[in-house]
Every structure is written in structure tokens, then in C-alpha cells.
Amino acid sequence: MEAVGQLTGGIAHDFNNLLMAVLGSLEIAKKRAKAGQDNEELIDNAIQGAKRGAALTQRLLAFSRKQDLNLEAVDVPNLIREMAALLQRMIGPHIEIATIFPLTLPMALSDSNQLESAVLNLVVNARDAMPEGGLMKIEARRRLVDPDQVPDLRSGEYICLSVGDEGPGMDAETLEKATTPFFTTKGIGKGTGLGLSMVHGLMAQSGGALVLRSREGEGTIAELWLRIADTVGSEGTLTQKVLPERVTGPDRSQNILAVDDDGLVLMNTALRRSREKTRSGS
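Residues numbered from 1 in each chain as written. Predicted model: local features only at pLDDT ≥ 70, side-chain atom pairs only at ≥ 80, totals over all residues. Heavy atoms only, no water.

1. Comments concerning the nonpolar core
- Counting residues in hydrophobic clusters, the biggest one holds 35 residues, and the most contacted among them are Val123, Met136, Leu161, Met203 and Leu224.
- Per-element accounting of this core gives the leading share, six residues, to helix H5 (residues 112-128).
- When residues no more than four places from it in sequence are discounted, the contact partners of Leu161 are Val76, Ile80, Val119, Ile138, Glu139, Ala140, Ala222, Glu223, Leu224 and Leu226.
- Among the nonpolar cores identified, the runner-up in size contains eight residues, and Leu153, Tyr158, Cys160 and Ala209 belong to it. (Core = buried A, V, L, I, M, F, W, Y, C linked by side-chain atoms within 4.5 Å. Buried < 20%, exposed > 50% of the residue type's maximum accessible area, 1.4 Å probe, protein only. Helix = DSSP H or I, 4+ residues; strand = E, 2+ residues; numbered from the N terminus. Contact = heavy atoms within 4.5 Å.)

2. A short note on the pattern of salt bridges
- Taken as a whole and assessed by the stated rule, the structure comprises four salt bridges.
- Its salt-bridge partner being Glu157, residue Arg142 comes within 2.9 Å of it at the nearest N-O pair. With a gap of 15 residues between them, Arg142 in strand S4 (residues 134-145) and Glu157 in strand S5 (residues 156-164) connect regions that are remote in the sequence.
- Judged by relative accessible area, which is 41%, Arg142 ranks as partly exposed.
- The class of Glu157 is partly exposed, set by a relative accessible area of 34%.
- The structure contains a network of salt bridges with shared partners spanning Arg141, Arg213 and Glu223. (Salt bridge = Lys/Arg side-chain N within 4 Å of Asp/Glu carboxyl O.)

3. Side note on the side chain of Arg227
- Following the sequence through the fold, Arg227 ends up in strand S7 (residues 220-227).
- At 3.1 Å, the side chain of Arg227 forms a polar contact with the backbone oxygen of Ser206. (Polar contact = N/O pair within 3.5 Å; in protein donor to acceptor, adjacent residues only side chain to side chain.)

4. Brief notes about the environment of Leu79
- Inspection of the secondary structure assignment puts Leu79 in helix H3 (residues 76-82).
- A residue is classified by how much of its surface remains accessible, and Leu79, at 6% relative accessible area, is buried.
- For the pair Leu79 and Val119, spaced 40 residues apart in the sequence, the C-alpha separation amounts to 10.0 Å.
- Not counting residues within four places of it along the chain, the set of residues in contact with Leu79 comprises Val74, Ser112, Leu115 and Glu116.

5. Considering H5
- In this model H5 runs 24 Å from its N-terminal to its C-terminal C-alpha over 17 residues, within 8% of the 24 Å that 1.5 Å per residue would give.
- Looking only at H5, the buried set comprises Ser112, Leu115, Ala118, Val119, Asn121, Leu122, Val123, Val124 and Ala126.
- A side-chain oxygen of the first residue of H5 lies 3.1 Å from the backbone nitrogen of Asn113; this N-cap is Asp111. (Expected span 1.5 Å × (residues − 1).)

6. Notes on helix H7 (residues 195-205)
- With eight of 11 residues buried, H7 lies mostly within the body of the structure.
- Within H7 the residues assigned to the buried category are Gly195, Leu196, Ser197, Met198, Val199, Gly201, Leu202 and Met203.
- Directly after H7, the chain includes Gly207, whose backbone phi takes a positive value near 85°.

7. Description of the confidence of the model for the chain
- Here the chain averages 76 in pLDDT, and 68% of its residues register 70 or above.
- In the model, residues 232-247 has pLDDT below 50 throughout and makes nine contacts with residues more than four positions away in sequence or in other chains. (pLDDT = per-residue confidence, 0-100.)

See below:
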């Protein structure tokens, strides 16, 4: 019940702030429009608020394991190498990153974009744990998991991708709550408390797991356990989307019926289509 209360309270707080920004901007824009004044800055502000709301929704979908994933074979060392410049800019010059990979490593089964986001989350957390600088280790290795060896994982072979820091570490109580939505030890405005819960949801939805290992004074290691692509059964085989061929023919006048159970969404759909029609001159 405590976790449910924290989740609903966090959602209500964050969405209330975003809705206030959007509604406030639109209300002022409406008054300015009647007076013939420029509204571009206010509309941009409302759009930014709406985008932040959409991003928050995506994080919640990730936590609840209901996001759309494009599972594919991912070369983990290559993915980290391609992120090297971005990671170095994010952590700054006072932290050194050491990467440790074997000469050969099988492909992992994951959504490459979501996996990148997960790694970025872990790297940012490791950076924030070492404000005075230190060494951050990013490692990947092939591991055989026995039954009940790793929580929430079936036995078999996995790739363990880990991010470790030399920060102060976490006590047992903090470690237990670390993946709870909206739980954060960072100051106000420095964290949403959704990063680790999002990573936890991604790992669970793709058949892997997020494991945190930490002790006070000994730093923290965050492990992403990823299924190996070449050992996945038929339920995890890679698929290709076949798009229908484009049909060409003489231009024809068409009527489009827009249907939605939400009147606000329906109005936006109809207005957007009308605007596109005007732009095309049809």
C-alpha cells in the first residue's frame, strides 16, 4: 500500500504541474488571440509541457511493462562504443570510464533504443554518485545462470551488462526501494525517481532482469541481464514488418470519417486532417 500510495502521489504531482503549465499557457494565449497579440511563445510552452507529459507516460509504460518493444539482435560492445562520445560529455572530465568486454560476445536480444536509454540512466546515476570524480566501469560478459541464482531470471545463458561506480553506496533500506517509482535520494529537481523503475520494466518485459548490488562505502553496481539472441525460442525470434505496396492511381476526391470516443482527440484529429488537406491544395 505504501508503494501504491507513492506511485499515485508521484503521478498526480507530476501531471498536475504539467497540466498547470499547459492550461495556463493556453488560457493566456486565448486572451492574447482575442487582442490580436502574438502567441508563439505561449504555444511553444504548452507544447513542451505536453511533450514532458508524453515522456512521463512512456516511463510509466516502461515500468508497467506495456511499452512497444522492437526486440532484435544487439551487439552490446558495439552499442557502448557508439555511445562513447555521448557518455563522456555527460559525465565530464572528472570521471574516467573503463570498458571491459571479452574478445567475442554473442548478440543480446533487446530493443537497441530502449537499451541505450537504460545505459544512459545507469551512467547518470553513477555520475551523480561521484560528484568529486572517480572511476566508472562498464562491463559485459557471458554468464550461465542456475535456477534461483538471479531473482526473476530463468536458468540459462545471459549477457550481463553492468555499470559500476565508486560512490558511497546504499544501505539495505535504500537498495530495497531503489526501483520503486518516484523514489529518489537526489535533491528537488535533480531526479524524477522513474529512471531505475523504467529500466526494471524494460528488462522484465524483454525477458531479462535489473539487479542492483551495493553496500555503504563500497559503491554500486547495476547489472542488466539480457537474453542471448541466438538461444531464444520461437517466441523471441526476430521478425520483419512487411509494408503494403503503395497504390498509385488517378487523384480522387475522398471523404474521411473520423471516429473517437474522446471529443477532444476527435476535434484535434479532424482539424489536423483539415490543415493537411489545405496545405496539399486538395
